[in-house]
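So the chains spell out like this:
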Amino acid sequence: MNRNIIFMAIFTLLLTSCSKESPQPSADYMVLDEVEYVKGFPISISLPDKGEDTGFDIIGIQNLQVIDSLLLICQNSRQGFWKFYSLTDHKLLGKMLSIGQGPNEFRYPVSSGNYYSIEEEKENLFAMILDQYKGGVYRLNITESLESGQVNMEFFPKGFTSSIVYACAIDDEAFLCREIAEDGRHQNLYVMKNGEKSIPDVLEKLNRATVDAENDGFTFNMISALIRRKRNLFVEVPLYLNYINLFSLDGKTSKTLCVEDELMKISSVTDKSEPLRKSTYTAVKAFNDFFGAAFYNHTWMERDLGIKKSSQIQLFDWNGKPLAAINVNRIVTSFDIDFTRGELYLFSSSDDEFVKYDIRDLLKQLNK
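Residues numbered from 1 in each chain as written. Predicted model: local features only at pLDDT ≥ 70, side-chain atom pairs only at ≥ 80, totals over all residues. Heavy atoms only, no water.

A. Geometry of the pattern of salt bridges. Under the defined criterion, the tally for this structure stands at 16 salt bridges. For R229, the salt bridge goes to E119, with nearest N and O atoms at 3.2 Å. Separated by 110 residues along the polypeptide, R229 in strand β17 (residues 225-230) and E119 in strand β9 (residues 116-121) bring together distant segments of the chain. A residue is classified by how much of its surface remains accessible, and E119, at 41% relative accessible area, is partly exposed. Salt-bridge contacts for D338 lead to R341; the nearest nitrogen and oxygen are separated by 2.9 Å. (Salt bridge = Lys/Arg side-chain N within 4 Å of Asp/Glu carboxyl O. Helix = DSSP H or I, 4+ residues; strand = E, 2+ residues; numbered from the N terminus. Buried < 20%, exposed > 50% of the residue type's maximum accessible area, 1.4 Å probe, protein only.)

B. Up close: the nonpolar core. L176 and I244 are the most contacted members of the largest nonpolar core, which has 49 residues in total. With 22 residues, the next largest nonpolar core counts A294, I337, V355 and Y357 among its residues. (Core = buried A, V, L, I, M, F, W, Y, C linked by side-chain atoms within 4.5 Å.)

C. Broad picture of the packing of aromatic side chains. This structure, assessed with the given rule, holds 19 aromatic pairs. Measuring from ring centre to ring centre gives 5.3 Å for F287 and F290, while their planes differ by 55°; the resulting arrangement is tilted. Among the aromatic residues, those joined into a cluster by ring pairs are F41, F291, F316 and W318. One Lys or Arg, R107, reaches over the ring of Y133 and ends 4.1 Å from the middle of that ring. (Phe/Tyr/Trp six-rings, centres within 6.5 Å; stacked < 30°, edge-to-face > 60°. Lys NZ or Arg CZ within 6 Å of the ring centre and 35° of its normal.)

D. Region of the structure containing the sheet that holds strand β4 (residues 52-53). With antiparallel pairing, 4 strands are arranged side by side in an open sheet as β4-β27-β26-β25. The strands lining the two open edges of the sheet, one partner per strand, are β4 and β25 (334-338). Alignment of β25 against strand β26 (residues 343-348), held across 5 bridges, turns out to be antiparallel. Bridge pairing links I337 to L344 in β26. (Pairing = 2+ DSSP bridges.)

E. Looking closely at the environment of D57. Mapping D57 onto the fold places it in the loop between β4 and β5 (61-67). Considered as a pair, D57 and F354 are 297 residues apart in the sequence and their alpha carbons are 9.1 Å apart.

F. Spotlight on the sheet that holds β9. Spatially, 4 strands are ordered β9-β10-β11-β12 in an open sheet, and the strand pairing comes out antiparallel. Among the strands making up the open sheet, the edge pair consists of β9 and β12 (153-157). Recorded for the sheet is a direction-independent mean angle of 20° between the axes of neighbouring strands. Strand direction decides the pairing type here: β9 and strand β10 (residues 124-131), joined by 6 bridges, are antiparallel. (Axes fitted to C-alpha atoms, helices over the stretch in contact; angles between N-to-C directions.)

G. Region of interest: the side chain of N63. Here N63 lies in strand β5. N63 gets classed as buried once you look at its relative accessible area, which sits at 8%. Within polar-contact distance, the side chain of N63 engages the side chain of S334 at 2.5 Å. Leaving out residues up to four positions away in the same chain, N63 has contacts with L72, I73, C74, S111, S112, G113, Y116, K285 and S334. (Polar contact = N/O pair within 3.5 Å; in protein donor to acceptor, adjacent residues only side chain to side chain. Contact = heavy atoms within 4.5 Å.)

H. Examining the pairing of β17 more closely. Sheet analysis places β17 next to strand β18 (residues 233-238), joined by 6 bridges and oriented antiparallel. Bridging from a neighbouring strand, R228 pairs with V235 of β18. From the end of β17 to the start of β18, which pair antiparallel, there are 2 residues, and R231 there has a positive phi angle of about 55°.

I. Representation of the state of the cysteines within the structure. This structure, assessed with the given rule, holds 0 disulfides. Considering cysteine sulfurs only, C168 is the nearest to C74, which forms no disulfide, with 16 Å between them. Classification of C74 by relative accessible area gives buried; the value is 0%. (Disulfide = S-S within 2.5 Å.)

J. Main features of a nonpolar patch on the surface. On the surface, a nonpolar cluster with roughly 400 Å² of combined accessible area is contributed by L276, M301, L305 and I307. Residue placement: M301 occurs in helix α6 (residues 300-305). For M301, a relative accessible area of 39% puts it in the partly exposed group. (Patch = residues over 30% accessible without salt bridge, like charges linked within 9 Å, V, L, I, M, F, W, Y side chains within 5 Å. Areas by Shrake-Rupley, 256 points an atom, 1.4 Å probe, with all protein chains shown as cover.)

K. Summary view of the environment of S310. With respect to the secondary-structure elements, S310 resides in the loop between α6 and β23 (311-317). Put simply, S310 and E173 are 137 residues apart on the chain and 40 Å apart in space, counted from C-alpha to C-alpha. With sequence-adjacent residues up to four places away left out, S310 is seen in contact with Y296, H298, V328, N329 and R330. A polar side-chain atom of S310 sits 3.4 Å from a polar atom in the side chain of H298.

Function-wise, these values are silent; they only describe arrangement.
Have a look at this one:
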């Protein structure tokens, strides 16, 4: 039988569409109209407990990103909180961005992928970095900054406010924004372009999610999410809910992927005391052919006591079909893939471990 036919049959078995009764976008569900329940992954691997040493002696990692032959490390430091290393010889190539009151300085270190994005343009790497306190974005020419040793960066005012949770660049003029509403019960999604706000239908559905005002100040995190973009598609993973939203602004792609039998209600989380609330997704990455999300799914108490450390990195293609599950015996704070060498980089803040794994066999299976 043709291998492609076999894989399509497997996908059909693993993915139950919204033919079963599913909740609709509402105050208690930050979902889209089409809900698909993931029953499993066609490929599942478990990584050894002990990872391979990365060769980088770095302390205080907040986030990491592999960019071709570069490794970006974001740290919690006042001076040079972005450091770029060579993946070839592990040398520090340059550090940049600092805390301060100056025109090219930041109030806090920028480490979350919700606040920056990196793209290649005319053989140069550029970063768009949100500074909501100054109301705009910095455009950093990474390539020229590394070559010259001087930071090449410009600031562009965009009319952002300090209540912005993220601003994901669509292009130089347009941004997908998530902002905490004045009532403290919503986080509104909208597109900001040339100072004008618009709310496409797909965002309006997600904006219906509401948190009870009497929930001990948990509003900010309850319906916060990690966001990544690839071409015209966005993947958004909530920090405390068991599903993923995958969409395009024109609504041609608009679906929710649930990795358990039932969608979690927002109220079912806020009703619990803090130690009993589950942390679900802890990291997300967008690649050319698929995206990955680190699913933790244990309570705060289990995490803080070190009882449960296991995470699962779930890989999906850009149609939302499950591809592979990578089981890891540690809490994954950040991860990325070096496709050139076939290596998976993992960082766990709970153990302050920065390790890598050889996943060439997995990548070969995915290519098939």
